[in-house]
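Read off the chains here:
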Amino acid sequence: KAGVTQTPRYLIKTRGQQVTLSCSPISGHRSVSWYQQTPGQGLQFLFEYFSETQRNKGNFPGRFSGRQFSNSRSEMNVSTLELGDSALYLCASSLERARDTQYFGPGTRLTVL
Amino acid sequence: AQSVTQLDSQVPVFEEAPVELRCNYSSSVSVYLFWYVQYPNQGLQLLLKYLSGSTLVKGINGFEAEFNKSQTSFHLRKPSVHISDTAEYFCAVPTGGGNKLTFGTGTQLKVEL
């Protein structure tokens, strides 16, 4: 099976712009979660989508949003970018339950100038 | 709320020596526990997970971990490390329902010749 893919792998934006990141889960996986990884804050949960519905949400401002399509592919959007949004954004897919393994993609490295 | 604490931010070790990476969790209920590894410029990969049953869990690449309920620990061990084990290791626990994972702050394992 193909693994989790994320596009693009690298992105450079300027403050105030918006960005959309894409994640294609492993075939058959209906849950997609997003995480932000920074040196200062570590790995932080953004949100999870399951069958096109947001099932869980982390403690991030409303500038961070996401959605999931009927084929389980997911996108996350960050509007009005700030310097502090520079991070590695990781997507993970899994079957359904908390005991199911989450498989991570390689991440999108976002740099905000 | 459930959480995990990784006690060591960096662990240097010589090749072929044994290593233990420490993780403590806080919970009063049954838990699932995970160890993930992140190689440079990559996403996270599951090493092993504890769901229930045997407290000694074997994972990939020769790693194992022992669930200790009385000490609320889930330490990761390898009897003989290799240069290729140099990476960052994260302990994680599901929190808040769904597939949300809360990660520890990570332990950087550096294997030296």
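Structure: see above.
Residues numbered from 1 in each chain as written. Chains lettered and ligands numbered in written order. Predicted model: local features only at pLDDT ≥ 70, side-chain atom pairs only at ≥ 80, totals over all residues. Heavy atoms only, no water.

Colleague: Account for the sheet that holds strand β7 (residues 64–68) of chain A, naming residues and giving values.
Modeller: Residues and elements named next belong to chain A. Strand order in this open sheet of 4 strands is β1-β3-β8-β7, and the pairing throughout is antiparallel. Each end of this open sheet is capped by a strand with a single partner; those strands are β1 (5–7) and β7. Direction aside, the axes of adjacent strands within the sheet are offset by 20° on average. Alignment of strand β3 (residues 19–24) against strand β8 (residues 74–78), held across 5 bridges, turns out to be antiparallel. Note on β8: the bridge partner recorded for T20 is N77. (Pairing = 2+ DSSP bridges. Helix = DSSP H or I, 4+ residues; strand = E, 2+ residues; numbered from the N terminus. Axes fitted to C-alpha atoms, helices over the stretch in contact; angles between N-to-C directions.)

Colleague: Which residues make up the packing of aromatic side chains, and what values go with them?
Modeller: One pass over the structure, following the stated rule, counts 14 aromatic pairs over all chains. Summarising the aromatic geometry, the rings of F104(A) and F103(B) are spaced 6.2 Å apart at their centres and angled 70° between planes, so their arrangement reads as edge-to-face. Taken together, the residues span two chains, with F104(A) in strand β10 (residues 103–104) and F103(B) in strand β11 (residues 101–103). On the accessibility criterion, F104(A) (10% relative accessible area) is buried. (Phe/Tyr/Trp six-rings, centres within 6.5 Å; stacked < 30°, edge-to-face > 60°. Buried < 20%, exposed > 50% of the residue type's maximum accessible area, 1.4 Å probe, protein only.)

Colleague: Let's hear about the interface of chain A and chain B: which residues, and what values?
Modeller: At the interface, 23 residues of chain A touch 21 residues of chain B. Counting the contacts that link chain A with chain B gives 0 salt bridges. Put simply, chain A and chain B have 10 residue pairs in polar contact (both at pLDDT 80 or more) between them. Those elements that place two or more of their residues in the side of chain A that touches chain B are β4 (31–38), β5 (42–50), β6 (53–57) and β9 (87–94) of chain A. Among the elements that line the side of chain A that touches chain B, the one with the most residues is β4(A), at 4 residues. Each residue belonging to the side of chain A that touches chain B can be placed in one class, and the counts come to 8 nonpolar, 8 polar and 7 charged. (Contact = heavy atoms within 4.5 Å. Salt bridge = Lys/Arg side-chain N within 4 Å of Asp/Glu carboxyl O. Polar contact = N/O pair within 3.5 Å; in protein donor to acceptor, adjacent residues only side chain to side chain. Nonpolar A, V, L, I, M, F, W, Y, C, P; charged D, E, K, R; others polar.)

Colleague: Describe unusual backbone geometry, with residues and values.
Modeller: Looking along the chain, the bond that leaves T7(A) and enters P8(A) is cis, with omega of -10°. Mapped onto the elements of the fold, P8(A) is located in the loop between β1 and β2 (10–13). Of note, S51(A) is a non-glycine position whose phi angle comes to about 50°, a positive value. Tracing the backbone shows S51(A) in the loop between β5 and β6. Among the residues examined, S51(A) registers a relative accessible area of 34% and is labelled partly exposed. The phi dihedral of N41(B) is positive, around 60°, even though this residue is not glycine. You can see N41(B) is positioned in the loop between β5 (33–38) and β6 (44–50). N41(B) sits in the exposed class, given a relative accessible area of 62%.

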